[in-house]
Amino acid sequence: MGKLAFKDFVETALINELSSLMTEGSKDIPANNIKYRYHIFILIAVGIETLGAALDKHSWQHKDAGSRKRFNKALSCYQSLKKYTGGDLYRKLRCGMAHVYVPKYGLGINMRSEGGVHNKINNQKLLLHIEDFFNDFIEACQELIDNIDGKKNTLPL
């Protein structure tokens, strides 16, 4: 996939379509509720791996590229995602959500209105609020686009 086609994918699928899910049905549901928040966590977890693959020297189909490597590379390279290193989000979030549709032990996911402190240990679990996690993911997507466009030089493309 070329840089421009990939940039279009990031803008369309990762930014615009995920943003639509964040606001879908907001008129029909109670205040401070996000209808598809659970599904958005899954899509962001897989999307983080996609952002890491954009930094990978291997082709998209390379068998040794490694999803863990790509996921963790995204966490360590994108400015807005760096705060998530060290919490083993690959295992707890990405693998749990992608393989069995639930986060693994030690991770809690919710909305701000449900309480707790984002990206901190709450009740013996690392807690992620969808609003903050979503914003950080979108910011990382924009950082990639800005690097592709030459507006920034913060990523090893």
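Residues numbered from 1 in each chain as written. Predicted model: local features only at pLDDT ≥ 70, side-chain atom pairs only at ≥ 80, totals over all residues. Heavy atoms only, no water.

*Asks:* When you look at helix α5 (residues 130-148) in this model, what are you seeing that I'm missing?
*Replies:* Structural remark: α-helix, 3.6 residues per turn; residues separated by three or four positions point the same way. Compared with an ideal rise of 1.5 Å per residue, which puts 19 residues at 27 Å, α5 spans 27 Å between its outermost C-alpha atoms and is within 8% of the ideal. In terms of burial, α5 is a largely internal element, 16 of the 19 residues being buried. Within two residues after α5, G150 carries a phi angle of roughly 85 degrees, on the positive side. (Helix = DSSP H or I, 4+ residues; strand = E, 2+ residues; numbered from the N terminus. Expected span 1.5 Å × (residues − 1). Buried < 20%, exposed > 50% of the residue type's maximum accessible area, 1.4 Å probe, protein only.)

*Asks:* It is not clear to me how unusual backbone geometry should be interpreted in this structure. Could you clarify?
*Replies:* It is generally the case that most residues other than glycine have a negative phi and that most peptide bonds are trans. With a phi close to 50 degrees, N123 is a non-glycine residue in the positive phi region. Structurally, N123 is set in the loop between β2 (120-122) and β3 (125-129). N123 sits in the exposed class, given a relative accessible area of 75%. Of note, the phi angle at Q124 is positive, near 65 degrees, even though the residue is not glycine. You can see Q124 is positioned in the loop between β2 and β3. Its relative accessible area of 68% is what places Q124 among the exposed residues.

*Asks:* Explain the sheet that holds β3 here, please?
*Replies:* Where strands meet in a sheet, backbone hydrogen bonds hold them as pairs that are either parallel or antiparallel. A sheet is described by the order of its strands in space; here three strands give the open sequence β1-β3-β2, paired in mixed fashion. The outermost strands of the open sheet, each flanked by one partner alone, are β1 (107-110) and β2. Ignoring strand direction, the axes of neighbouring strands in this sheet form an average angle of 45 degrees. Where β1 meets β3, four bridges bridge the pair, whose relative direction is parallel. Bridging across to β3, G108 finds its partner in L127. (Pairing = 2+ DSSP bridges. Axes fitted to C-alpha atoms, helices over the stretch in contact; angles between N-to-C directions.)

*Asks:* Any chance you could explain helix α4 (residues 89-100) here in plain terms?
*Replies:* Of all the positions in α4, only L89, Y90, K92, L93, R94, C95, G96 and M97 are classed as buried. Contacts from the buried residues of α4 go to α2 (37-53), α3 (67-77), β1, β3 and α5. Of the residues trailing α4, Y101 is marked for its positive phi of about 70 degrees. (Contact = heavy atoms within 4.5 Å.)

*Asks:* Where do I start with the pairing of β3 in this structure?
*Replies:* Regular strands place their side chains on alternate faces of the sheet. β3 sits mainly inside the fold: four of its five residues count as buried. Pairing between β2 and β3: three bridges, direction antiparallel. Bridged to N122 within β3 is K125. Where β2 folds back onto β3 in an antiparallel hairpin, the turn is made up of two residues, including N123, whose phi is positive at roughly 50 degrees.

*Asks:* Would you mind going over the nonpolar core with me for this structure?
*Replies:* Inside soluble globular proteins, nonpolar side chains tend to come together where they are buried. Residues L51, Y78 and L89 are the most contacted members of the largest nonpolar core, which totals 43 residues. The element best represented in this core is α5, accounting for 10 residues. Not counting residues up to four positions away in its chain, the partners in contact with Y78 are L51, G52, A54, L55, A140, E143, L144 and L155. (Core = buried A, V, L, I, M, F, W, Y, C linked by side-chain atoms within 4.5 Å.)

*Asks:* I keep staring at the environment of I42 and nothing clicks. Help me out?
*Replies:* Counting through the fold element by element, I42 comes out in helix α2. Sequence spacing of I42 and V102 is 60 residues, and the spatial spacing of their C-alpha atoms is 8.8 Å. Not counting residues within four places of it along the chain, the set of residues in contact with I42 comprises M97 and Y101.

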